[in-house]
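# Secondary and tertiary structure notes
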Amino acid sequence: MPCFMRGRLTRSMPGDWISFSFGGLGVTIVDALDTLFIVGLDEQFKRARDWVATSLNFSKNYDASVFETTIRIIGGLVSAYDLSGDKVFLEKATDIADRLLPAWNTPSGINYNIINLVTGHAYSYPSANGNSILAEVGTTQLEFIALSQRTNQPKYQEKVEKVIEVLHKSFPADGLLPVYISPQTGKPSPSFITFGALGDSFYEYLLKVWIQGNKTQAVSIYREMWETSVGGLQSLVRKSTPSAYAYICEKNGNTLIDQMNELACFASGMLALGSSGFDPLKAKTILSLAEEIGKTCYNFYQITRTKLAGEDYVFTPGQDMTVDSLHNLMRPETAESLFYLWRFTGNKMYRDWGWEIFQAFEKNSRLETGYVGLTDVNTGAKDNLMQSFFLAETLKYMYLLFSPPSVIPLDEWVFNTEAHPLKIVPRVNSTGSLSKSEHVLPTRLGGRKEGRAGRN
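Here the residue numbering is sequential within each chain, running from 1 through the sequence in written order. Totals for whole chains, interfaces and linings use all residues, but because this is a predicted model, local features are given only for residues with pLDDT of at least 70 and pairs of side-chain atoms are given and counted only at 80 or more. To get the side-chain values, take all heavy atoms of the structure and skip hydrogens and water.

The residue after Thr-241, namely Pro-242, is reached through a cis peptide bond having omega 10 degrees. By definition, any uninterrupted DSSP run of H or I lasting at least four residues is a helix, any uninterrupted run of E lasting at least two residues is a strand, and each is numbered from the N terminus. Along the polypeptide, Pro-242 turns up in the loop between strand 7 (237-239) and strand 8 (246-248). In the Ramachandran plot, Lys-307 falls in the positive-phi region, its phi being about 65 degrees despite a non-glycine side chain. As for its placement among the helices and strands, Lys-307 is situated in the loop between helix 11 (280-302) and strand 12 (312-316). Residue Asp-320 is not a glycine yet carries a positive backbone phi of 55 degrees. Checked against the element boundaries, Asp-320 lands in strand 13 (residues 320-325). A relative accessible area of 12% means that Asp-320 is categorised as buried. Per-residue accessibility, obtained with a 1.4 Å probe over protein chains only, is compared with the maximum for each type, and a residue is labelled buried under 20%, exposed over 50%, and partly exposed between these values.

We treat two strands as partners when DSSP finds at least two bridges between them. A sheet is described by the order of its strands in space; here 3 strands give the open sequence 1-2-3, paired in antiparallel fashion. For this open sheet the edge positions go to strand 1 (63-65) and strand 3 (122-123), each flanked by a neighbour on one side alone. Two elements, strand 1 and strand 2 (residues 114-116), share 3 bridges in a ladder whose sense is antiparallel. Paired with Asp-63 across the bridge in strand 2 is Asn-116. In the packing of helix 3 (residues 66-84) onto the sheet, contacts are made with strand 1 and strand 2, and the angle to strand 1 comes to roughly 65 degrees. We call two residues in contact when some of their heavy atoms are within 4.5 Å. All axes are obtained by fitting lines to C-alpha atoms, using only the stretch in contact for helices, and the reported angles, taken between N-to-C directions, cover 0 to 180 degrees.

This part takes up the packing of aromatic side chains. Two aromatic rings are characterised by how far apart their centres lie and by the angle between their planes. Aromatic contacts are taken between Phe, Tyr and Trp rings whose centres are within 6.5 Å, Trp giving its six-membered ring; a plane angle under 30 degrees counts as stacked, one over 60 as edge-to-face, and the others as tilted. On inspection of all chains with the given rule, the structure shows 20 aromatic pairs. Judged by centre distance (4.2 Å) and plane angle (5 degrees), the ring pair of Tyr-298 and Trp-353 falls under stacked. You can see Tyr-298 sitting in helix 11 and its partner Trp-353 sitting in helix 13 (residues 348-364), a full 55 residues away along the chain. Neither residue differs from the other here; Tyr-298 and Trp-353 are each classed as buried. With centroids separated by 5.5 Å and ring planes inclined at 55 degrees, the aromatic side chains of Tyr-397 and Phe-415 adopt a geometry described as tilted. Of this pair, Tyr-397 sits in helix 14 (residues 388-401) while Phe-415 sits in strand 16 (residues 413-415), and the two are 18 residues apart along the sequence. Of the two residues, Tyr-397 and Phe-415, both sit in the buried class. Seen from the ring of Trp-210, Arg-223 lies directly overhead, with NZ or CZ sitting 4.6 Å from the centre. Only Lys NZ and Arg CZ are tested; either one counts as a charge over a ring when it is within 6 Å of the ring centre and within 35 degrees of the ring normal.

This part takes up the state of the cysteines. Note on disulfides: each one is a pair of cysteine sulfur atoms within 2.5 Å. Throughout the structure, instances matching the rule amount to 1 disulfide. Across a sulfur-sulfur distance of 2.1 Å, Cys-265 and Cys-297 are joined as a disulfide pair. With the S-S bond torsion at -100 degrees, the cross-link from Cys-265 to Cys-297 turns out left-handed. With Cys-265 in the loop between strand 11 (259-261) and helix 10 (266-274) and Cys-297 in helix 11, the pair connects residues that are 32 residues apart, well separated along the chain. Judged by relative accessible area, which is 0%, Cys-265 ranks as buried.

So, on to helix 4 (residues 87-100). What a helix is expected to span follows from its residue count: subtract one and scale by 1.5 Å. Spanning 14 residues, helix 4 covers 20 Å between terminal C-alpha atoms, matching the ideal 20 Å at 1.5 Å per step. Within helix 4 the residues assigned to the buried category are Val-88, Phe-89, Leu-90, Lys-92, Ala-93, Thr-94, Ile-96, Ala-97 and Leu-100. Elements in contact with the buried residues of helix 4: helix 1 (27-39), helix 2 (42-55), helix 3, strand 2, helix 6 (141-151) and helix 7 (155-169). Here a polar contact is recorded for every N or O atom pair within 3.5 Å, except that within protein the pair must consist of a potential hydrogen donor and a potential acceptor, and residues adjacent in sequence are included only if both atoms are side-chain atoms. For helix 4, the N-terminal cap is Asp-86; the gap from its side-chain oxygen to the backbone nitrogen of Val-88 is 3.1 Å.

For the rest of this paragraph, the subject is the pattern of salt bridges. For salt bridges, the criterion is a side-chain nitrogen of Lys or Arg within 4 Å of an Asp or Glu carboxyl oxygen. Throughout the structure, instances matching the rule amount to 18 salt bridges. Measuring nitrogen to oxygen at the nearest pair gives 3.7 Å for the salt bridge that ties Arg-72 to Asp-31. Here Asp-31 lies in helix 1 and Arg-72 lies in helix 3, a separation of 41 residues in the sequence. Exposure remark for Arg-72: the relative accessible area of 0% places this residue in the buried category.

This part takes up the nonpolar core. We define a nonpolar core as any set of buried Ala, Val, Leu, Ile, Met, Phe, Trp, Tyr and Cys residues linked to one another through side-chain atoms lying within 4.5 Å. With 135 residues, the main nonpolar core has Leu-77, Phe-195, Met-270, Leu-271 and Phe-300 as its most contacted residues. Membership of the second largest hydrophobic core comes to 9 residues, among which are Tyr-125, Val-179, Tyr-180 and Leu-198.

Approximately 450 Å³ is the volume attributed to the largest pocket. A 1.4 Å probe that fits into a set of points on a 1 Å grid over the protein atoms alone but cannot get out defines a cavity; an open set with protein on both sides within 12 Å along at least five of seven lines defines a pocket, and lining residues are those with an atom within 4 Å of a point. Forming the walls of the largest pocket are 17 residues, and the residues nearest its centre are Leu-36, Gln-44, Thr-369, Met-386 and Leu-391. At the level of elements, helix 1, helix 2, strand 14 (366-367), strand 15 (370-371) and helix 14 are the ones that each hand at least two residues to the lining of the largest pocket. For this classification, Asp, Glu, Lys and Arg are treated as charged, while Ala, Val, Leu, Ile, Met, Phe, Trp, Tyr, Cys and Pro are nonpolar and the rest, including Gly, are polar. Among the residues making up the lining of the largest pocket, the classes are represented as 10 nonpolar, 4 polar and 3 charged. Grid points are joined across faces, edges and corners, and a volume is the space filled by probe spheres set on the points.

A separate point is the pairing of strand 13. The two faces of the sheet receive side chains in turn, since in a regular strand these alternate between them. The pairing of strand 12 with strand 13 spans 5 bridges and is classified as antiparallel. Across the sheet, the residue bridging to Val-314 is Thr-322, located in strand 13. Between strand 12 and strand 13, which pair antiparallel and follow one another directly, the connecting turn spans 3 residues, one of which, Gly-318, has a positive phi of 85 degrees.

Once that is clear, we can look at the packing of helix 13 against helix 14. It is the contact of helix 13 with helix 14, at a shortest axis distance of 9 Å, that shows an interaxial angle of 140 degrees. One way to sum up the angle between helix 13 and helix 14 is to call them oblique. Our pair here, helix 13 against helix 14, has a crossing hand that is left-handed. For the pair helix 13 and helix 14, contact is made by Tyr-350, Arg-351, Gly-354, Ile-357, Phe-358 and Phe-361 and by Phe-390, Thr-394, Leu-395, Met-398 and Leu-401, respectively. Of the residues that constitute the contact of helix 13 with helix 14, the class distribution is 8 nonpolar, 2 polar and 1 charged. Comment on the angle field: the value is read as roughly parallel under 35 degrees, roughly antiparallel over 145, roughly perpendicular from 65 to 115, and oblique elsewhere. A crossing counts as left-handed when the near helix is turned anticlockwise from the far one by less than a right angle, and as right-handed when that turn is clockwise.

Here it is as structure tokens:
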């Protein structure tokens, strides 16, 4: 069974599939580094670290996704550095980041989506008609800012923050951007609006860069843009009948589409995470919406025969929701949101829901050699892939759901979209001057039961 990952189905552009082996970049190992560390698998972490030091080689004639390589490889390596203090991870992260940088050499500063790791030739998905993808250009900021902080080289931060500057110039009043952005002009191109595939993590990173910068004035523009987009999200929320499940519509022009990706389930956790930044009354409203959407996503699992969610759901008056795509890729978004909902409410129900989902994975996806997705969530028919994000995200969030809040405390760490925790470092100002990143090792290393990072 292959234990690596091709581009996320529906998250990468349809028809533009990333190589089945992810270019031989060791994505399964790198994506799992921090999970091994956090759960206390010391021997396995050391073996993975030694492989990174001796065998991880980025000099490959391979057209890489800038987005996927950033969130999995750079995110995984910088997180492993933050957790362990081992500079080999930072050295490798710098190597691959330097190979990605030419993707930002465009007339507008909006990066291309694909780059060859040897030649530096960059381009965007052919099926996007030369446009770049919103979620992909807006989901590199955490990793590249972190790399600048830890290396004291501002070039990484400058490239990714230029993207936000450009998008801010044409940021709409409702905070909702179409999924296509022109790398030539920096302006949106006609396309649909979604919190699912192709849009999702742009909105997530607006919030998380603000958190990463310790919520200082230097990063206030991110919070302002995020709050505007939350207003737009609220305008897309509808409730099903007869059960009143809250869901987030997609939008095409002025038409709302009663469809929601499982990928959009991240929004529940995002709203919970950002709710405390509002005034008390608004915070209560946003947290309540987060819980409503979380309930819907839990029921994405409950309505199938395997109790594992499909990829897409449609909502029909009088019929609540039905599965529109029967694949299950062992995605993390619902587990992620249950983790945040548990942390911010303390409601045991979210642990109960998470345990049910975990048991469904154990029953339907576990093999002697690993885990696999399903091609049909009703029949239980299996595929032959263990997605790298299952190790990086799904299992990590499940573990943290049942861990005390002192394991990766949210006032000290922020998770990238691949669930790689990055140390929060205050930002000095918004003009490129960086605060020095003081690397802080965990104060105590516990066993698997307690976790490996943060204070207990």
